[in-house]
Amino acid sequence: MSRRQRIQAVITSKRVSHSGPDRNISNVSSLQEPTIVTGKCELDSHADTSVAGANFVILEYTDQICNVSPFAKSYDQKKNVPIVKAATAYDDERTGITYILVLGQALYFGDEVEASLLCPNQLRSNGVIVDDVPIHLSHNNASTHSITFPHENVTLPLKLNGCFSYIPTRTPTTQEIESCQWLILTSDAQWEPSLMPFDAYEEAAINAIERPEQHRNLYAFERSPLKEISGIFDDDYILNTVNVSAVITSPYKPRINASKLAQRWSIGEAAAAKTLRVTTQMGIRNCLYPIERRFRTKQSQLRYPQLSGRHGRFYTDTFFASVPAVDGSKCAQLFANDIGFSKIYPMRLKSEAPNALQCFIHDVGIPQVFHSDNAKELLEGRWRQICNDFSIQTTYTEPNTPQQNRAECHIRETKKHIHRKMKARNVPKCLWSYCAKWSSDVRNRTASNSFALEGRTPYEAIYGHTPDISSFCEYDFYEPVWLYEPNSFPEDKRIMGRWLGEAHNIGQAMCYWILPSSGVPIARSTVQPIADADKTSEEVIQELNALDEAIKAKLVTGAEKIEEIDIPDYLRLHDEDEDASTPQFDPMEPEAAMPEADEFDVEAYDKYLAAEVILPKGENMVLGKVIGRKRDFDGNPIGKGHSNPIFDTRLYQVQFPNGHVEEYSANVIAQNIYSELDTEGYRYILLDSIIDYEKGEDALPPEQRFVVGANGNIHKRRTTKGWRLCVQWKDGSTSWEPLKDTKESFPVQVAEFAISQGIQDEMAFIWWVKDVLKRKNRIIKAMKKARTIQKTHKYGIQVPRSVKEAYELDKETGTDYWHQSILKEMKNNAAAFKFLEPEESIPVGSTWIPCHMIFDVKMDLTRKARYVAGGHWTDPPSQITYSTVVSRDSVRIAFLIAALNDIDILSADIGNAYLNAQNKEIVHTTAGPEFGPNRIGQTVIIVRALYGLKSSGAAWHSFLAESLHSLGFQSSLADLDVWFRAATKPNGFEYYEYLVVYVDDILVLSHRCKEVMQMIEKAYRIKDPPAKPEIYLGANIFEWSISGEKMWAMSSRRYINEAIRCLEVELQKSGQRLVRKPSTPMTPGYRPELDVSPLLEPDQASYFMSLIGILHWAVELGRIDIFIDVALLSSHMAQPRIGHMNEVLHIFSYLKCHENSNLVFDPQPKYWNESQFSKFDWSEFYRDAKESLPPNAPSPRGHAVQMNVFFDADHAGNRVTRRSHTGVLIYLNAAPILWYSKAQATVETSTFGSEFVAMRIAVEMIEALRYKLRMFGIPIDGPANVFCDNKSVVTNSTIPDSTLKKKHNSIAYHRVREAVASGTLRIAKVLSKSNNADLLTKPLPGPDLRAMVQSIMVTNQTSIAINIQFEGSSKIVTYVCRHTSLLDTSLSKGIFCVCGSVVPRAKLIILLFRVTITF
């Protein structure tokens, strides 16, 4: 192989550790001074790592080796080449000075190569300037053809050997190594060319040059190639390799193996191996020379703590002040990491950043990685030299992406903290530098709820010991204190000053910065707080006033004197728009702008922009933000939108918190948006602590503390006006919240904060704080208010809280979605407002109320704005505010009647319903920015029933009632929201057509639905074309067919599936999962009242209650099979336990595996064996008993309904209280309409008593339902058929001469018997397994549960075929049952009834169940 072939062979493999023979100092023998060897150090751009040849001597070995390969595959690989730190001597021919050139991280070949090789880029990365262009070949002879060390101001001229540039060197002597100046060619820092993305750095630099930073808008730039750089921006990148120069490194292993360390330390090999894994050996030096002199060392990284580990990555940035500090500082350098630790160093110039870095290393330690922006001061010069000296890896943000730097977030929160403190203490602006350092110290010593800190402080995580906060808990910033200054010996004089924080690195511990009257801060340790008693003395007050006046004269400028309470410019977090008009701007992506309503299509409105979504990234789920569409080379957006995300082909760019940008399809974004949020689409922020307060000018003065009530009594005024609290949330952010909101959400926390701050006697607190603290234990036990959470996002979209914030969000995201939603809302509300001209007077008796905009995000990510009035400012009489909505059992009856009378159903939604009605109150408001710039400040009379007014619901209800009356409909007195009108079909069948109203949702039941809808459309605007109902009150509504007969069915499947999906997302966060395939809702044998597991934490208890609420609504939507389980667990909501939560999760597991259940409103009547019902003459006992019929009921029309009722009681079912549990199930024909499951209010001593109590409840429900049916004009077919499984109860309630032995049951006894005597109901006994109400009284085992559910609910299977053989005959008749609720047997009498056919003395032979129902 030739010399050039050997040069080109420097392509290194992955470095691996080497545990070869010892190279320790103890093994070096005394040798003669080596022979001087001369050679060339050639620049070779084909070498990815510098090579030390025979003209170098080794200073140190590292613990790494690697394999070196040539470019040509035909040559063999050089294996186990050591990585060393080596030196060579250069004799400057011009000056005669000898320099020692040092190569760090070099390949050592020794005598195997004739010339050493220098990798130019390895030198440049160390800050060395390499100009390898020969002068005669350079443009205009501009080249220097040299190697320059800028910090040492040394230039080494290059020579040419053919076409190769080189410098001549030789091996140095020991004396030269010790005495001559060292020039560092390459750093000791880890050199991994395969993981250093030079190509991406180059492209990013080009982008930065071509597109200078003018607008800090994410959407203004193409996707940066740094997206592919994971060595810096993504820790997972190390799993991949990029063939920049084929260097591939392996995990490091120590040079000293476990056996050797175990021998030297006298420990076991296992302990030695573990020690080697968690320690470093950076300070071991291996020399090949005799130990005659002490070599110079530069192991500076061992003099300071190593900040390594998962929190060893630090971020840094510079922030500026428009007001110079008293010490001359105009800016500050902030250093921070991911757990909240920060350090601030004020500076006069930005170029002093390297000094701040040195101070940080001295005060805190050496970070593993520094991440900064692309500022010149943080890229090169002394900053880079310091990082190289201390082996600190440096990474940088992409151009124009400051959000990749976490220091930005720390700066924002630090500025907020500084501003609050300086404003509260009226601190001169020029003291911002001291306040910044104080803020950093306090935040570092504040315990955090961060999972990584486990409740400890950031200070402890960094320094490794518990911080002492004596210096910070004794004094507040800018608090007046006493300090002692020697005046004239031997007397001391006590003077007053202002406390500015701890003076680090000065004097002894607890030395402080004090601001005396001279205005120049001084460091003193003899400091004493002013006693509380002295603070009220005239002498101290005068001295304090004199001190403040002297400080103002020295430090406060004229502008500050005039405007001391304004937010300092240097602390402004956002650019404030002084223009009060509504901002107008163009979206960054014009095709994403909201179109006019009549031009709307999915492609025109890009709803995903600015959405926050949790997406999979590696093995983790990371929150990202959609920043724009992916575009092709011509700048056109890729893909086309569709209302169904499955067919949406658009591609989007999503940016993650570290600045990394990736592409995702619309389908993936939509899927993750809906999968990672709760059932309402919200993302939650939880309270951490209350940290500050603010009293506004509109707070009531103390003289208005008392008010005279209507009865003449004097009491404290209830007010919270003018007060705000600064709240810190669990995510570390802070915000100012009104006291009225925080008091309601967190009463105990706010009360304790008021006590701690000494403001409990202020008007906003005095009337409630003491009472709350007295009830503290009860409030905490209830855990309702304290667990309230603040909703900031919905479906990943940030929801604004004001019009101004909405415009700011639009401006930030480059869209106008919120602006367009505001315009749309105000356009729809235009009829509700009457503007008064300046000369017009306000109507007499009119009340001014505030109005505001409420924002929301729909499930399809459409932004919605709703303008609402502050109705809480008015107190209208109750008769103009009461309004009703249709009951749920009325809705079920409606679907049954539609099938029974064979009529159609259509549904519609009235748009802006309230605004159709005139306002019943006299109110006015003041126009805000939502009315447009020309209307701001104008008086507005509200003339329509605007949303938010207390009377608006009633006004709309009355207005709609008048409209429906004009159409000939009549409101039912049993349910005011059910309207009916007599109608006749073309075939002469007479019935009632119905309107079912739920606020603005209308169901029409008629054989001519379209005509009725057209009449309604003439009076109101219908949002969407009327259609058959699909979703109503949260339930799925669909048509069902049995043997060709059409009917309606209801299912909670969609609601439950969505709830389960959101629940599983929450469980995944804690590593939990739902139980697989449970057979029952609760664990068999489980009793909630006997559970003694630990109580749930407050947030867990809140979540438990929300899950119970979801299950209750699922029961309302038809999941009767879980009713008893939910009822039992609901009784423990005040103090839920872990076991209760586990059972709630068990119920959800059951629902997930048994989702195929529907409520079918089957109009087919049941046919019962009449012999089961006893008939007696009751005239002797209840002579005047008769069913009460409403005299004003409409004439019955249409087909009659049959009422079938099952009831049961679980006697003494509660093992603790021994109360029984009642269950009632009421059918109309074969349709379940009402169900009831609740513990009885009294303890019954026998089954008889509990059953009679249950029957009394059933009787009351029967009479109420019969009244409602009659008031709906629905005929009733005979008395209600009531079934019970207790023979004693049946006997006592159906046989007139039976006597009651238990007198305490007499009320229920006579209540039931009188209902039987009046013909309201009749009672029969059934077997317990045939009593459907048994499902509602106690948890049933799996087989019994499945059998019972089959008799109530229907799955996708529609029928059961059974074969019946008559006695004495070989004939077999097949009967088809709709479902098992239609099947009843009475084998004792030899009667079998099925599907309406009575078969006398039939022998039941079930030969085949044609369909098996699965649950």
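Before going into details, it helps to say that this report is about the structure given with it.

Rules used throughout
- Residues numbered from 1 in each chain as written.
- Predicted model: local features only at pLDDT ≥ 70, side-chain atom pairs only at ≥ 80, totals over all residues.
- Heavy atoms only, no water.
- Phe/Tyr/Trp six-rings, centres within 6.5 Å; stacked < 30°, edge-to-face > 60°.
- Helix = DSSP H or I, 4+ residues; strand = E, 2+ residues; numbered from the N terminus.
- Buried < 20%, exposed > 50% of the residue type's maximum accessible area, 1.4 Å probe, protein only.
- 1 Å grid on protein atoms, 1.4 Å probe; cavity = no way out; pocket = protein on both sides within 12 Å on 5 of 7 lines; lining within 4 Å.
- Points joined across faces, edges and corners; volume = space filled by probe spheres on them.
- Pairing = 2+ DSSP bridges.
- Axes fitted to C-alpha atoms, helices over the stretch in contact; angles between N-to-C directions.
- Contact = heavy atoms within 4.5 Å.
- Patch = residues over 30% accessible without salt bridge, like charges linked within 9 Å, V, L, I, M, F, W, Y side chains within 5 Å.
- Areas by Shrake-Rupley, 256 points an atom, 1.4 Å probe, with all protein chains shown as cover.
- Salt bridge = Lys/Arg side-chain N within 4 Å of Asp/Glu carboxyl O.
- Polar contact = N/O pair within 3.5 Å; in protein donor to acceptor, adjacent residues only side chain to side chain.
- Parallel < 35°, antiparallel > 145°, perpendicular 65-115°, else oblique.
- Left-handed = near helix turned anticlockwise from the far one by under 90°.

**A short note on the packing of aromatic side chains**
This structure, assessed with the given rule, holds 44 aromatic pairs. With a centroid separation of 5.4 Å and an interplanar angle of 70 degrees, the aromatic rings of Tyr475 and Tyr512 are classed as edge-to-face. Pair noted here: Tyr475 is in the loop between helix 13 (470–473) and strand 22 (480–488) and Tyr512 is in strand 24 (residues 512–515), with a separation of 37 residues, a long-range link. Given the relative accessible area of 4%, Tyr475 is considered buried. We classify Tyr512 as buried; its relative accessible area is 2%.

**Here we look at empty space enclosed by the protein**
Enumeration over the complete set of coordinates arrives at 12 cavities of 30 Å³ or more. Within this model, the largest cavity holds a volume of roughly 120 Å³. Lining the largest cavity are 14 residues, with Ala610, Ile797, Gln798, Leu809 and Thr813 positioned closest to its centre. Elements that contribute at least two residues to the lining of the largest cavity include exactly strand 38 (797–798), helix 23 (803–813) and helix 24 (817–828).

**Some thoughts on helix 23**
Within the span of helix 23, buried status applies to Val803, Glu805, Ala806, Tyr807, Leu809, Asp810 and Thr813. Following helix 23 by one or two positions, Gly814 has its phi on the positive side, about 70 degrees.

**Here's the deal with unusual backbone geometry**
Notably, Lys1077 is not glycine yet its phi reads approximately 50 degrees, a positive angle. Positive phi, normally seen in glycine, also occurs at Arg1218, with a value near 60 degrees. Note that Arg1218 resides in the loop between strand 54 (1203–1210) and strand 55 (1221–1228).

**What about the sheet that holds strand 54?**
Reading across from one edge, 56-55-54-57-58 is the order of the 5 strands in this open sheet, with mixed pairing throughout. Each edge of the open sheet is held by one strand with a lone partner, namely strand 56 (1231–1239) and strand 58 (1321–1325). Direction aside, the axes of adjacent strands within the sheet are offset by 20 degrees on average. Where strand 54 and strand 55 come together, 8 bridges link them in antiparallel fashion. Bridging across to strand 55, Asp1210 finds its partner in His1221. With respect to the sheet, helix 30 (residues 1123–1130) is in contact with strand 55 and strand 56, its orientation differing from that of strand 56 by roughly 30 degrees.

**Looking at a nonpolar patch on the surface**
Residues Phe706, Val708 and Ile714 make up a contiguous nonpolar surface patch of roughly 340 Å² in combined accessible area. Looking at the element boundaries, Val708 is found in strand 33 (residues 706–708). The exposure class assigned to Val708 is exposed, which follows from its relative accessible area of 55%.

**Examining the pattern of salt bridges**
Here the structure, examined in full by the defined rule, presents 37 salt bridges. For Arg888, the salt bridge identified is with Glu1116, shortest N-O distance 2.7 Å. Pair noted here: Arg888 is in helix 25 (residues 888–900) and Glu1116 is in helix 29 (residues 1098–1116), with a separation of 228 residues, a long-range link. By relative accessible area, Glu1116 is classed as partly exposed at 25%. Ionic pairing is found between Arg1087 and Glu1089, a salt bridge with its closest N-O pair at 3.0 Å.

**Things to note about the side chain of Ser1237**
The residue Ser1237 is located in strand 56 in this model. For Ser1237, a relative accessible area of 8% translates into the label buried. At 2.9 Å, the side chain of Ser1237 and the side chain of His1221 are in polar contact. Within polar-contact distance, the side chain of Ser1237 engages the backbone oxygen of Leu1336 at 2.7 Å. Aside from chain neighbours lying at most four places away, what touches Ser1237 is Phe1123, Ile1124, Ala1127, His1221, Thr1222 and Leu1336.

**As for the packing of helix 25 against helix 32 (residues 1247–1271)**
Working note: a packed helix pair is described by the angle between its axes plus the distance between those axes. Following both chains from N to C, one finds helix 25 and helix 32 inclined at 55 degrees, their axes separated by 12 Å at the closest point. The angle between helix 25 and helix 32 falls in the class oblique. Viewed along their axes, helix 25 and helix 32 form a crossing whose handedness is right-handed. Of the residues in helix 32, those in contact with Asp889, Ser890 and Ile893 of helix 25 are Leu1265, Lys1268 and Leu1269.

**Structural notes on the layout of surface pockets**
Its volume calculated, the second largest pocket comes out at about 880 Å³. In terms of lining residues, the second largest pocket is bounded by 38 residues, among which Lys343, Asp363, Ala503, His504 and Asn505 are the most central.

**Side note on the sheet that holds strand 40 (residues 847–848)**
Taken in spatial order, the 4 strands of this open sheet run 39-45-44-40, and their pairing is mixed. Each of the sheet's edge strands pairs with one partner strand only, and the pair in question is strand 39 (833–835) and strand 40. Two strands pair when backbone bridges link them, and strand 40 and strand 44 (residues 923–926) are joined in this way by 2 bridges, in the parallel orientation. Looking across to strand 44, one finds that Thr847 is bridged to Val923.

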